[in-house]
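Fold and contact review
Below, each chain spelled out in residue letters.
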Amino acid sequence: MMKKRVFIAGHRGMVGSAIYKKLSLRPDVELVIRNRSELNLLSQIDVKNFFATEKIDEVYLAAAKVGGIHANNTFPAEFIYENMMIECNIIHSAHLSGVQKLLFLGSSCIYPKNAEQPMNEAALLTGILEPTNEPYAISKIAGIKMCESYSRQYGRDYRSVMPTNLYGENDNFHPENSHVVPALLRRFHEAVLNGDKEVIVWGSGNPMREFLYVDDMADASIFVMDLSRSVYKDNTHEMLSHINVGTGKDCSIKELALTIAQVVNFTGNVIFDSTKPDGTPRKLMDVQRLSNMGWKFSTELSPGLKKTYLWFLENQNSLRK
């Protein structure tokens, strides 16, 4: 059997590691991975040389600089620079070396702050972005447009998937720079250890968010990559080639926090600090396009949170290093 050589950029991240885990089970795939010390994705020449010598057949572009509201507010320059450099280097070098198939992983933050809910793919570039993560969102929009442009001009098959808020194993549990799910899991866990009577959560608790378990995202990514070109093009449009990935249902941050409190057995009070920023009022993905193609998520929120917490408990010592 002739195996296809598949490069996963960002294979140690949350989504990349989940994709790696699933693809490693396939007999028709030879995985190609590089650690940061082996390949600097911010270096144009290093990435170009890598593609020129490795004869890659497919690319999953899961590498990115990511973080929550605090990180995006504090390091906007790093977020826009690093993400745009990674995308430019990989997409362009893949094209130069003849890679025909590539999947770019974006983010639901590409949509306008006040986009009509649920957010349809056509909402892209129809309004002002959420200010707290605008630099990151712009970098992801640039990645989508690069894939579209290389596909249109050169006949490449470069696709993009836009996940909703993701959580799961290998997430970033940093106390300041993490997203809402790992941040709350860690905060409630430490509150239980310390015997705290209350936990303070940023914001009013009213914003609505959609959450997708990372293994489901990996499954969707491989599903979209494996679609025939005819099926994919029938469900997308020229210069509008990205596909939303999510559950199609959301919950309030208050509901999320209370669910996490139950998962970690925290019995104290949960206080919401409305002086802190809420971010976008609601972010719900319209997933009809992907549903029409035949894919649907399988992991509900509470079981997914339990799996994530168990992984955190098993790995918390290494996370502190």
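To start, this report covers the structure provided alongside it. Bear in mind the structure is a predicted one, so any value in this text is a computation, not a measurement. (Residues numbered from 1 in each chain as written. Predicted model: local features only at pLDDT ≥ 70, side-chain atom pairs only at ≥ 80, totals over all residues. Heavy atoms only, no water.)

In this section: the overall build of the protein chain. Helix and strand content of the protein chain: 11 helices and 13 strands. The globule rule puts the C-alpha radius of gyration for 321 residues at 20 Å, and the 19 Å found for the protein chain is close to it. Each of the three principal axes of the protein chain carries a C-alpha extent, and together these read 60 × 40 × 40 Å. A total of 321 residues make up the protein chain; the buried ones form 52% of that total. By sequence separation, contacts in the protein chain at least 24 residues apart represent 81% of the contacts at least 6 residues apart. A total of about 14800 Å² of accessible surface is found on the protein chain, and carbon and sulfur atoms cover 50% of it. With 36 positive and 36 negative side-chain charges, the protein chain shows a separation of 3 Å between the mean positions of the two kinds. (Helix = DSSP H or I, 4+ residues; strand = E, 2+ residues; numbered from the N terminus. Rg over C-alpha atoms; globule rule 2.2 N^0.38 Å. Buried < 20%, exposed > 50% of the residue type's maximum accessible area, 1.4 Å probe, protein only. Contact = heavy atoms within 4.5 Å. Areas by Shrake-Rupley, 256 points an atom, 1.4 Å probe, with all protein chains shown as cover. Lys, Arg positive; Asp, Glu negative; His and termini not counted. Charge placed at Lys NZ, Arg CZ, Asp CG, Glu CD.)

Taken together, the 6 strands give an open sheet; going across it, the order is S2-S1-S3-S4-S5-S10, and neighbouring strands pair in parallel fashion. Every interior strand has two partners, whereas the edge strands, strand S2 (29-32) and strand S10 (242-245), have only one. Between one strand axis and the next, the sheet turns through 20° on average, direction left out of account. Strand direction decides the pairing type here: strand S1 (residues 4-9) and S2, joined by 4 bridges, are parallel. Considered in S2, the bridge of lysine 4 is made with valine 29. Contacts from helix H5 (residues 134-154) reach strand S4 (101-105), strand S5 (157-163) and S10 within the one sheet, and its direction differs from that of S5 by about 155°. Against the sheet, helix H7 (residues 214-226) engages S1, strand S3 (58-61), S4, S5 and S10, with an angle of about 145° to S4. (Pairing = 2+ DSSP bridges. Axes fitted to C-alpha atoms, helices over the stretch in contact; angles between N-to-C directions.)

Moving on: the nonpolar core. Of all hydrophobic cores here, the largest spans 40 residues; its most connected members are Phe7, Phe51, Ile90 and Leu102. Residue contributions to this core peak at 7 residues, all from H5. Setting aside residues no more than four positions away along its own chain, phenylalanine 51 makes contact with Phe7, Ile56, Val59, Ile90, Ser93, Ala94, Ser97 and Val99. The next biggest cluster of nonpolar side chains, apart from the first, holds 30 residues, and it includes Ile8, Ala18, Leu166 and Val214. (Core = buried A, V, L, I, M, F, W, Y, C linked by side-chain atoms within 4.5 Å.)

In this structure the tally under the stated criterion is 10 aromatic pairs. Aromatic side chains phenylalanine 7 and phenylalanine 51 sit 5.8 Å apart centroid to centroid with 85° between the ring planes, which places their arrangement in the edge-to-face category. One end of the pair, phenylalanine 7, is in strand S1; the other, phenylalanine 51, is in helix H2 (residues 44-54), with 44 residues separating them in the sequence. You can call phenylalanine 7 buried: its relative accessible area is 2%. Each member of the aromatic cluster is reached from another via a ring pair, and the members are Phe173, Tyr309, Trp311 and Phe312. Across the ring face of phenylalanine 79, the terminal group of lysine 65 is positioned such that the distance to the ring centre comes to 5.3 Å. (Phe/Tyr/Trp six-rings, centres within 6.5 Å; stacked < 30°, edge-to-face > 60°. Lys NZ or Arg CZ within 6 Å of the ring centre and 35° of its normal.)

This paragraph deals with the packing of helix H9 (residues 253-263) against helix H11 (residues 301-319). For the pair H9 and H11, interaxial distance at closest approach is 10 Å and the crossing angle is 50°. The pairing of H9 with H11 is recorded here as oblique in orientation. Taken as a pair, H9 and H11 cross one another with a handedness that is right-handed. Only Leu301, Ser302, Leu305, Lys306 and Tyr309 of H11 make contact with H9, whose side of the interface consists of Leu256, Thr259, Ile260 and Val263. Taken together, the residues of the contact of H9 with H11 break down into 6 nonpolar, 2 polar and 1 charged. (Parallel < 35°, antiparallel > 145°, perpendicular 65-115°, else oblique. Left-handed = near helix turned anticlockwise from the far one by under 90°. Nonpolar A, V, L, I, M, F, W, Y, C, P; charged D, E, K, R; others polar.)

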